[in-house]
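Commentary on secondary and tertiary structure
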Amino acid sequence: MIAPLFLEIRAIESRVPVGAGIVLEISHRVSRELEMETVELNRDRTHIRVESLGEDARAFELTGADHIRERRLHPLAGVGRLFVAPAGAEWTSQLNLLDYASPFAAGSYRFSLVYRYGDAEGDTVATNEVSIEVYPAPAAEPSWRWFTSASPGDEFCMVSEVQDGDRARW
């Protein structure tokens, strides 16, 4: 059986400095009407496969459970959105890995997605793989800054500016 959904990913940036978020753009193409959840963020339909390359090579997966843990959400919190995609629909969305995990350490990584579009075990589609390099960037002297938060007390954190070519990032 041919899957009713085709997914392809591409890296917004192929190189990012340590501490920056990695964003993947997902292209969707639906061949027949399909009830689905958002691919970029849902509870358990999307599995983000991460493979670190190099001498300390390891592989792991990220799911909506990681998002819930990373964002400190209630375990029963709603994640993602249900919708009906009409036949012939095409669109793109962005998946920000900071929604799932802390920034990645310096190194090279390979990413791909597996999405379960139906309830049967074989109702899955896999994307292509993309490689991204996370590189170290020189940091300026760290300083303390106040950040507002959802809680009544703001957060006092140490941050450092990173010089990334012509631009500075915090």
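Here the focus is the nonpolar core. In terms of nonpolar packing, the biggest core is built from 35 residues, with L5, I22 and F111 touching the most fellow members. Setting aside chain neighbours within four positions, we find F111 in contact with I9, I22, L24, R49, V50, L97, F104, N128, E129, V130 and I132.

With that settled, consider the sheet that holds strand β8 (residues 90-96). The strand order β1-β3-β8 describes an open sheet built from three strands, whose pairing is antiparallel. The sheet is open, and its two edges are formed by β1 (5-11) and β8, each paired on a single side. Strand after strand, the sheet turns through a mean of 25° between neighbouring axes, direction not considered. Sheet analysis places β1 next to strand β3 (residues 23-30), joined by seven bridges and oriented antiparallel. Note on β3: the bridge partner recorded for A11 is L24.

With that out of the way, let us pick up the environment of G78. By the element assignment, G78 lies in the loop between α1 (64-70) and β7 (82-85). The class for G78 is exposed, based on a relative accessible area of 73%. On a C-alpha basis, the gap between G78 and I68 in space is 9.5 Å, while along the polypeptide they are ten residues apart.

Topologically, E37 is positioned in strand β4 (residues 34-37). If near-sequence neighbours (up to four positions away) are discounted, E37 is found in contact with N42, R43, R45, V79, R81, L82, F83 and Y115.

The next thing to look at is the side chain of N42. Within the element layout of this structure, N42 appears in the loop between β4 and β5 (46-53). Overall, N42 belongs to the buried group, its relative accessible area being 1%. At a separation of 2.8 Å, a polar atom in the side chain of N42 contacts the main-chain carbonyl oxygen of T38. Looking at N42, its side chain comes within polar contact range of the main-chain nitrogen of R45, at 2.7 Å.

Next up on the list: the confidence of the model for the protein chain. In this model, the protein chain carries a mean pLDDT of 87, and residues with pLDDT of at least 70 account for 81%. Considering each helix and strand of the protein chain separately, the mean pLDDT is smallest for strand β15 (residues 167-169), with a value of 58, and largest for β3, with 98.

The next point concerns the pattern of salt bridges. According to the stated counting rule, one finds ten salt bridges in the structure shown. Here R10 makes a salt bridge to E25, at a shortest N to O gap of 2.9 Å. Separated by 15 residues along the polypeptide, R10 in strand β1 and E25 in strand β3 bring together distant segments of the chain. Classification of R10 as partly exposed rests on a relative accessible area of 42%. For E25, a relative accessible area of 18% gives the class buried. Residue R110 pairs with E51 through a salt bridge whose shortest N-O separation is 3.8 Å. With R110 in strand β9 (residues 107-116) and E51 in strand β5, this pair connects stretches of sequence that are 59 residues apart.

What counts, and at which threshold
Residues numbered from 1 in each chain as written. Predicted model: local features only at pLDDT ≥ 70, side-chain atom pairs only at ≥ 80, totals over all residues. Heavy atoms only, no water. Core = buried A, V, L, I, M, F, W, Y, C linked by side-chain atoms within 4.5 Å. Buried < 20%, exposed > 50% of the residue type's maximum accessible area, 1.4 Å probe, protein only. Contact = heavy atoms within 4.5 Å. Pairing = 2+ DSSP bridges. Helix = DSSP H or I, 4+ residues; strand = E, 2+ residues; numbered from the N terminus. Axes fitted to C-alpha atoms, helices over the stretch in contact; angles between N-to-C directions. Polar contact = N/O pair within 3.5 Å; in protein donor to acceptor, adjacent residues only side chain to side chain. pLDDT = per-residue confidence, 0-100. Salt bridge = Lys/Arg side-chain N within 4 Å of Asp/Glu carboxyl O.

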